[in-house]
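If you want the building blocks of each chain, they are given just below.
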Amino acid sequence: MPCSPETLKHVPLFALLDDEETAVLAGQVEVKKFAPRQRIYKIGDPGGRAYVMVSGRVRITTVDQDHQEVIVDEPSHGEFFGFASMLDQTPHQTDATAVEETICLEVDRHDISVLLERKPMAGMDMLSVLGKQFHASQQLVRVRANRHPNEIIEADATFGERIADTVARFGGSWTFIITFAVILSIYTLVNTSLGRRAWDPYPFILLNLFLSMLAAIQAPVIMMSQNRQDTKDRLRGELDFDVNRRAAADIQGLARKLNLLGEKIGDVEDLVREKVSGNG
């Protein structure tokens, strides 16, 4: 469908063009109308053309490694989609589907060249759109990345915190208990057998001093390690919440697809009834 200059005037990117430039560009671009649930392009299609939203609603999606549909963007009025593939002349990396009745302007590289010749600052608007999509992709990667809480905490741990973990781990092991019991037994037996020549006779005051100093040092170290364990548990809880939220979103997406499938089956049934009635 040919594009009228008035349609371009309602698109923010082309609103600053004068009448002559608008008329030239209107003669090159086309207006495309898409029905609800109609696919505009799919992953792997040639990226020779891009689209500018005029009205309606479009959902841009991709498929992750778990074969789950992920929403990348939902462009609003005046925004581009399919722009990067069109410029790079590579196949589309996403699917674009009209959520409701949608009207778009279809443009190609030659149309963009003409626009930039007449309005160079339009390039900044296009770069802004690409930057927004790039940040959305980054956010998507951060949200959906599989993160291991222990790896995240270990990466941020200081040298002192690593020592605290090691001390707490050794202090709570049977190796420490058995070694400590053996040392205490040998210490008390030697001092008892030496009698008056012992360096720490009964009631082993020097030994009690060492034990008190050890307890004074060990207690805060263990508390530090417990605090780090609480941090790990809290991070695990947050990651579990993210996983559950993703699972709920996937279930909702599956339910939405089932509803759409039911609607399409209903449409087919209506067409069959109309044909049967017409033949009758």
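Residues numbered from 1 in each chain as written. Predicted model: local features only at pLDDT ≥ 70, side-chain atom pairs only at ≥ 80, totals over all residues. Heavy atoms only, no water.

Colleague: Looking at this structure, how should I read the packing of aromatic side chains?
Modeller: Note on aromatic pairs: each is described by the distance of the centres and the angle between the planes. Evaluated as defined, the whole model comprises eight aromatic pairs. Chaining the aromatic ring pairs together yields one cluster made of F34, Y41, Y51 and F81. (Phe/Tyr/Trp six-rings, centres within 6.5 Å; stacked < 30°, edge-to-face > 60°.)

Colleague: Can you walk me through the pattern of salt bridges in this structure?
Modeller: Where charged atoms from two side chains of opposite charge approach closely, those side chains can pair. Counted according to the given criterion, the structure contains five salt bridges. One salt bridge connects E30 with K32, and the closest N-O pair in it is separated by 3.7 Å. Look at E30 and you get partly exposed, because its relative accessible area is 35%. Accessibility expressed as a relative area gives 27% for K32, which makes it partly exposed. The partner of E74 in a salt bridge is R59, and the shortest N-O contact between them spans 3.4 Å. Of the two residues, E74 is situated in the loop between β5 (69-73) and β6 (80-81) and R59 in strand β4 (residues 58-63); the sequence distance between them amounts to 15 residues. By relative accessible area, E74 is classed as partly exposed at 33%. A relative accessible area of 16% places R59 in the buried class. Put simply, R49, E106 and D108 are held in one network by salt bridges that share partners. (Salt bridge = Lys/Arg side-chain N within 4 Å of Asp/Glu carboxyl O. Buried < 20%, exposed > 50% of the residue type's maximum accessible area, 1.4 Å probe, protein only. Helix = DSSP H or I, 4+ residues; strand = E, 2+ residues; numbered from the N terminus.)

Colleague: Whenever I open this one, helix α8 (residues 174-194) confuses me. Can you help?
Modeller: Residues three or four positions apart in an α-helix share a direction because the helix packs 3.6 residues into each turn. Compared with the 30 Å implied by 1.5 Å per residue over 21 residues, the 30 Å span of α8 between its first and last C-alpha is a close match. Buried residues of α8: F176, Y187 and N191, and no others. Take α8 and look down its axis: the buried residues cluster within an arc of 20°, on one side only. In α8, the exposed positions angled more than 90 degrees off the buried face are occupied by W174, T175, I186, L189, T192 and S193. (Expected span 1.5 Å × (residues − 1). Arc of directions from axis to C-beta.)

Colleague: What am I meant to see in a nonpolar patch on the surface here?
Modeller: On the surface, a cluster of nonpolar side chains totalling about 1,100 Å² of accessible area is made up of W174, I177, I178, V182, I186, V190, W199, L206, L209, F210 and M213. The set of elements that each furnish at least two residues to the nonpolar patch consists of α8 and α9 (205-279). Mapped onto the secondary structure, V190 falls in helix α8. Using a relative accessible area of 31% as the deciding quantity, one classes V190 as partly exposed. (Patch = residues over 30% accessible without salt bridge, like charges linked within 9 Å, V, L, I, M, F, W, Y side chains within 5 Å. Areas by Shrake-Rupley, 256 points an atom, 1.4 Å probe, with all protein chains shown as cover.)

Colleague: Got a minute to help me understand the sheet that holds β6 in this structure?
Modeller: Sheet strands associate in pairs through backbone hydrogen bonding, adopting either a parallel or an antiparallel arrangement. If you trace the four strands from one edge of the open sheet to the other, you get β1-β8-β3-β6, paired in antiparallel fashion. Both outer strands of the open sheet, β1 (30-34) and β6, are each paired with one neighbouring strand and no more. Two elements, strand β3 (residues 50-55) and β6, share two bridges in a ladder whose sense is antiparallel. Looking at the pairing, V52 lines up with F80 of β6. (Pairing = 2+ DSSP bridges.)

Colleague: Got a minute to help me understand the pairing of β3 in this structure?
Modeller: Successive side chains on a regular strand alternate, one facing one side of the sheet and the next facing the other. Of all six residues making up β3, five are buried, and the element is well covered by its neighbours. Note: β3 against strand β8 (residues 102-107), five bridges, orientation antiparallel. Note that in β8 the partner of V52 across the bridge is L105.

Colleague: Looking at this structure, how should I read the side chain of N191?
Modeller: Among the secondary structure elements, N191 is positioned in helix α8. A polar side-chain atom of N191 sits 2.8 Å from the main-chain carbonyl oxygen of Y187. Apart from residues no more than four positions distant in its own chain, N191 is found in contact with A198, W199, D200, P201 and F204. (Polar contact = N/O pair within 3.5 Å; in protein donor to acceptor, adjacent residues only side chain to side chain. Contact = heavy atoms within 4.5 Å.)

Colleague: I'm lost on the sheet that holds strand β7 (residues 95-98) in this one. Help?
Modeller: Spatial strand order, β2-β7-β4-β5: four strands in an open sheet with antiparallel pairing. What marks the edges here is a single partner per strand, and that holds for β2 (39-41) and β5. Within this sheet the neighbouring strands show an average axis-to-axis angle of 40°, counted without direction. Pairing of β2 with β7 involves two bridges; the strand directions are antiparallel. What sits directly across from R39, in β7, is T97. (Axes fitted to C-alpha atoms, helices over the stretch in contact; angles between N-to-C directions.)

Colleague: Sorry, what's going on with the environment of C104 here?
Modeller: As for its placement among the helices and strands, C104 is situated in strand β8. Overall, C104 belongs to the buried group, its relative accessible area being 0%. Each residue touching C104, except ones within four places of it in the same chain, is listed here: E30, V31, K32, F34, Y51, V52, M53, V54 and F81.

Colleague: Would you mind showing me how to read the nonpolar core here?
Modeller: Nonpolar side chains in soluble globular proteins tend to end up buried together. Counting 16 residues, the largest nonpolar core has L8 and L105 as its most contacted members. Of all the secondary structure elements, the ones that give two or more residues to this core are α2 (19-26), β3, α3 (83-88) and β8. Looking at this core element by element, the count peaks at three residues for β3. Grouped together as the second largest cluster of nonpolar side chains are eleven residues, I40, Y41, Y51 and M53 included. (Core = buried A, V, L, I, M, F, W, Y, C linked by side-chain atoms within 4.5 Å.)

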